[in-house]
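Descriptive structure summary
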Amino acid sequence: MDAIIRTENVSKIYGKGETAVRALQDVTISFEKEKMTAIIGASGSGKSTLLNIIGGLDQQADGKVCIEEQEILKLGDKELAKLRAEKIGFVFQFFKLVPELTALENILFPSMILHKKPEKSYVDALCQKLGIAERLKHYPSQLSGGQQQRTAIVRALINDPDILLCDEPTGNLDAKSGGEVMELLEDLCREMKKTIIIVTHDTNIANRCDRIVTISDGRIAGTEGSDQG
């Protein structure tokens, strides 16, 4: 298996003493390049915690997390911010668009972190592909939920990362918009060769992925699909 992400014995505890909650327990898993993986489990099972640790949003964990052999739990703030900006795109359930910025300004925001201007042709192609080219001057409040999520996905792709991490990306959408977003993610995996990891409680979404990882009580309870282990 050609792994782009791997974890070794990752554990995460919230709180101390009698109130401590063990969110993850010795999670060892790899994620294959250019595949779509779903992480499923009950509420509070640890799936979003694992996604946040993989993406470097939470470094307060024990164990080892490697992205292309770079151990991210040991990186300093600047190194980690650079790695996230270059290699990882994030898509969230509640879009996280800045309300005072237009769709285009929201899309370009991550590229400002790297002090670079993406090629206009690349931006135009992404916006056309995701069907928001006609809505770029609109503010988030003027967009439907599906259009906001499409905008968020273009924003996640603006620095052309290898990895997309999606936390309940269809959870705030109706069935039609959610299906359209999943089709887009499938296309991005196949056509743009992205590695996509999706946290979801929806088995219909999970079944569209190459692989399903089940988490229960902070542990890997099982895997189904192409890259077992």
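Quick caveat: nothing in here was measured; it's all calculated off a predicted structure.

1. Some details on the side chain of threonine 200
By secondary structure assignment, the location of threonine 200 is in the loop between strand 8 (195-199) and helix 7 (203-206). Within polar-contact distance, the side chain of threonine 200 engages the backbone nitrogen of aspartate 202 at 2.9 Å.

2. Points about the pattern of salt bridges
As enumerated under the stated definition, the model contains 13 salt bridges in all. Measuring nitrogen to oxygen at the nearest pair gives 2.9 Å for the salt bridge that ties arginine 208 to glutamate 186. Residue arginine 208 is located in the loop between helix 7 and strand 9 (211-216), and its partner glutamate 186 is located in helix 6 (residues 175-191); the two are separated by 22 residues in the primary sequence. A relative accessible area of 33% means that arginine 208 is categorised as partly exposed. Judged by relative accessible area, which is 15%, glutamate 186 ranks as buried. Via salt bridges that share partners, Arg6, Glu8 and Glu69 belong to a single interconnected network.

3. Digging into the nonpolar core
By size, the foremost hydrophobic cluster in this structure holds 34 residues, and its most contacted members are Met36, Ile153, Leu164, Leu185, Ile196 and Ile198. Secondary structure elements with two or more residues in this core: strand 3 (36-40), helix 4 (120-129), helix 5 (145-157), strand 7 (163-167), helix 6, strand 8 and helix 7. In terms of residues, this core owes the most to one element, helix 6, which gives six residues.

4. Quick word on the pairing of strand 3
With respect to burial, strand 3 is a largely interior element, five of its five residues being buried. On strand 3, burial covers both faces: Met36, Ala38 and Ile40 on one face and Thr37 and Ile39 on the other are all buried. In this sheet, strand 8 lies alongside strand 3 in parallel orientation, the contact comprising four bridges. Looking at the pairing, isoleucine 39 lines up with valine 199 of strand 8.

5. Brief notes about the pairing of strand 8
Burial runs high along strand 8: five of the five residues are buried. Taking every second residue as pointing to the same face, both faces of strand 8 are buried, with Thr195, Ile197 and Val199 on one and Ile196 and Ile198 on the other. Where strand 7 and strand 8 come together, five bridges link them in parallel fashion. Counted as the bridge partner of leucine 164 is isoleucine 196 from strand 8. Handedness of the β-α-β unit built from strand 7, helix 6 and strand 8 comes out right-handed.

6. So, the packing of aromatic side chains
Between two aromatic rings, the relevant description is the distance of the centres plus the angle of the planes. Counted according to the given criterion, the structure contains one aromatic pair. Measuring from ring centre to ring centre gives 6.1 Å for phenylalanine 90 and phenylalanine 92, while their planes differ by 10°; the resulting arrangement is stacked. In this structure, lysine 96 is placed above the aromatic ring of phenylalanine 92, and the distance from its NZ or CZ to the ring centre is 4.2 Å. The ring of phenylalanine 31 carries the charged tip of arginine 211 above its face, separated from the ring centre by 5.8 Å.

7. Thoughts on the environment of glutamate 224
Summarising the element assignment, glutamate 224 is placed in strand 10 (residues 219-225). Spatially, the C-alpha atoms of glutamate 224 and aspartate 26 are 19 Å apart, while their sequence positions differ by 198 residues. Ignoring anything within four residues of it in the chain, the contact list for glutamate 224 reads Asp210, Arg211 and Ile212.

8. A few points about helix 5
Between its first and last C-alpha, helix 5 extends 19 Å over 13 residues, near the 18 Å set by a 1.5 Å rise per residue. Most of helix 5 sits inside the fold, with 11 of its 13 residues counted as buried. Looking at the buried positions of helix 5, the neighbouring elements they touch are strand 6 (88-92), helix 3 (103-113), helix 4, strand 7 and helix 6.

9. As for the sheet that holds strand 2 (residues 21-32)
Judged by pairing direction, the sheet is antiparallel, and its four strands sit side by side in the order 2-1-4-5 without closing on themselves. Strands with a single pairing partner mark the edges of an open sheet, and in this sheet they are strand 2 and strand 5 (70-71). Summarising the sheet, strand 1 (residues 3-14) and strand 2 pair through eight bridges and their orientation is antiparallel. Within strand 2, the position partnered with valine 10 by the bridge is valine 27.

10. Looking at the packing of helix 3 against helix 5
Helix packing geometry: the angle between the two helix axes and the distance between the axes. Interhelical geometry of helix 3 versus helix 5 gives an angle of 30° and a closest axis separation of 7 Å. With respect to their mutual orientation, helix 3 and helix 5 come out roughly parallel. In this structure, the crossing between helix 3 and helix 5 has a hand that is right-handed. Of the residues in helix 5, those touching helix 3 at Ala103, Asn106, Ile107 and Pro110 are Thr151, Val154 and Arg155.

Cut-offs and rules
Every chain's residues receive numbers from 1 upward, in the order its sequence appears when written. Selection of residues for local features in this predicted model requires a pLDDT of at least 70, selection of side-chain atom pairs for listing and counting requires 80 or more, and totals for whole chains, interfaces and linings are taken over all residues. Hydrogens and waters are ignored; side-chain quantities use all the structure's heavy atoms. To qualify as a helix, a DSSP run of H or I must reach at least 4 residues; to qualify as a strand, a run of E must reach at least 2; elements of each kind are numbered from the N terminus. Polar contacts, as counted here, are pairs of nitrogen or oxygen atoms within 3.5 Å of one another; within protein the pair requires one atom able to donate a hydrogen and one able to accept it, and residues that are adjacent in sequence qualify only if both atoms are side-chain atoms. Should a side-chain nitrogen of Lys or Arg be within 4 Å of a carboxyl oxygen of Asp or Glu, the pair is scored as a salt bridge. Three labels apply to residues, based on accessible area from a 1.4 Å probe with only protein chains included: buried if under 20% of the type maximum, exposed if over 50%, partly exposed otherwise in between. Residue types Ala, Val, Leu, Ile, Met, Phe, Trp, Tyr and Cys, when buried and joined through side-chain atoms within 4.5 Å, form a set referred to as a nonpolar core. Two strands pair if DSSP finds at least two bridges between them. The path from the first strand over the helix to the second decides the hand: if it runs clockwise while the strands point away from the viewer, the crossover is right-handed. Side-chain rings of Phe, Tyr and Trp (the six-membered ring for Trp) are treated as a pair once their centres are within 6.5 Å; stacked means planes under 30 degrees apart, edge-to-face means over 60, and tilted covers the remaining angles. A ring is scored as having a charge over it whenever the NZ atom of a lysine or the CZ atom of an arginine sits within 6 Å of its centre and within 35 degrees of its normal. We call two residues in contact whenever any of their non-hydrogen atoms come within 4.5 Å of each other. Take the number of residues in a helix, subtract one, and multiply by 1.5 Å to get its expected span. The axes used here are C-alpha line fits, helices contributing only the stretch in contact, and every angle between their N-to-C directions lies in the interval 0 to 180 degrees. Orientation categories follow fixed angle ranges, with anything under 35 degrees roughly parallel, anything over 145 roughly antiparallel, 65 to 115 roughly perpendicular, and all other angles oblique. Helix crossings fall into two classes, left-handed where the near helix is turned counterclockwise from the far one by less than a right angle and right-handed where it is turned clockwise.

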